[in-house]
Each structure stands twice: as structure tokens, then as C-alpha cells.
Amino acid sequence: MAVLPIRISGDPVLHERASEVTIFDDALAALVADMFDTMEAAPGVGLAAPQVGIGLRLFVFNWVDDDHVLWRGTAINPELWITPTPIGEADEENESEGCLSIPGERYPLRRAERAILRATDLEGQVFEIIAEGWLARIFQHEYDHLDGILYADRLDPIHAKAAAKVLRKQGWGVPEQAWTPGVDHLED
Ligand code: ZN
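Residues numbered from 1 in each chain as written. Predicted model: local features only at pLDDT ≥ 70, side-chain atom pairs only at ≥ 80, totals over all residues. Heavy atoms only, no water.

Draft legend 1. Just the side chain of aspartate 144, in detail. Along the chain, aspartate 144 falls in helix H2 (residues 134-146). Once residues lying within four places of it in the same chain are set aside, the contact partners of aspartate 144 are Arg111, Ile149 and Arg154. (Helix = DSSP H or I, 4+ residues; strand = E, 2+ residues; numbered from the N terminus. Contact = heavy atoms within 4.5 Å.)

See the structure below:
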């Protein structure tokens, strides 16, 4: 069990495009195992490799939907197709999203209702998931991480301003800030 430090917004690895995974070896399997440990300790429903300082195109996810179905897996070199994002204002109650790289904060954001994820698992097998609702949101959020995009980059101006203010106040938004689940206890 290894819980890794989670990089906080401002660290360059979170704001760059990650590289394709080309080597499926024990080191990759160990990274994925540590990412699951870290995601569970946080706790979170998804974690992308750049969030633990590794600029590779992979993320893990763990989500139980309203029908009690567990969606848990590793998406390596994913592709994502999404339906058009609805226009209009996001709903604070039902569309607020958070990110372990901006810990303790949540802001409303519109996302596509449906998404198709196609990716490779640790065994090198290609799989596809047709997702809707919150699972589709998780995939969009995690996929963005691989392109160096944080959800804060997509917020409307008012919420973007609020997020920027929190980063400044916490001394974040600069390189090499991180927190470790179970070690660092962040105030909300
Ligand atoms: Zn995130």
C-alpha cells in the first residue's frame, strides 16, 4: 500500500499534455496499484497519473452508480467521445464537481451527459464503456487531466475567479505544492 502525494494546481505536470503509455511493465502495474491506494485514501472517484506527478496518459476510476453498479478500472491511452455540452448555467446542487488537485473546493460545471470511453487496461486489452451522468462526468474530468486541463480552467468567470482566489489564499497555484491523503489534513 502506497499513498502518493497529490500535486496541487500550479504544478507544471498538471498543466501539460501527458505522453502516451508505451511500456506495459511491472513499474506501470505498481504505479496503477499506488494510484488506486491514493484515490481510495483521498477519497476520490478518479485519479489521473499527472496528479501524482507522472506525465502519462492514464487514469483510474472507482464509482458506484445509482443502480449500485460498480465502475472501477484503469484507462490507459484513452480516447473519449462526448455528446454536445448543454448550454446554460450549471446547477450548484447537481453539477458541482471537485478535484483532488484543488482540494476542498467544488464548483458547478456543465458537462456532456453521455460519453464513450475507449482505452487499454493493464493487461493490454482494449475496452469500451458507454457512460452517462456522473460516470460520463468522471471520464471527462479525468481525460482533461491528460491534456493538462483542470476543471477550474472550464469554469464560468465568476466561479473561475473564486477558484483563483482560493488558490492564492492557500499559497497554491505555484509549482511543487502537494498533499498526501491520510497525512495532510486540509481545512475546507
Ligand atoms: Zn481532477
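Draft legend 2. Molecular detail of the nonpolar core. Grouped together as the largest cluster of nonpolar side chains are 33 residues, with contacts concentrated most on Met35, Leu47, Leu58, Val60, Tyr151 and Leu155. Residue assignment for this core shows that the elements contributing at least two residues are helix H1 (26-41), strand S3 (58-64) and helix H3 (157-170). Top contributing element to this core by residue count: H1, with six residues. Counting 16 residues, the second largest nonpolar core, distinct from the first, contains Ala115, Ala119, Ile129 and Tyr143. (Core = buried A, V, L, I, M, F, W, Y, C linked by side-chain atoms within 4.5 Å. Buried < 20%, exposed > 50% of the residue type's maximum accessible area, 1.4 Å probe, protein only.)

Draft legend 3. Fine view of H1. The terminal C-alpha atoms of H1 lie 22 Å apart, and with 16 residues this matches the ideal 22 Å at 1.5 Å per residue to within 8%. Packed against the buried residues of H1 are strand S1 (6-7), strand S2 (46-48), S3 and strand S4 (70-82). (Expected span 1.5 Å × (residues − 1).)

Draft legend 4. Layout of unusual backbone geometry. Following alanine 42, the chain continues to proline 43 via a peptide bond in cis, the omega torsion being -15°. Along the polypeptide, proline 43 turns up in the loop between H1 and S2. At histidine 68, a residue that is not glycine, the phi angle is positive and equals roughly 65°. Tracing the sequence through the fold places histidine 68 in the loop between S3 and S4. Unusually for a residue other than glycine, asparagine 77 sits at a positive phi of about 45°. Along the chain, asparagine 77 turns up in strand S4.

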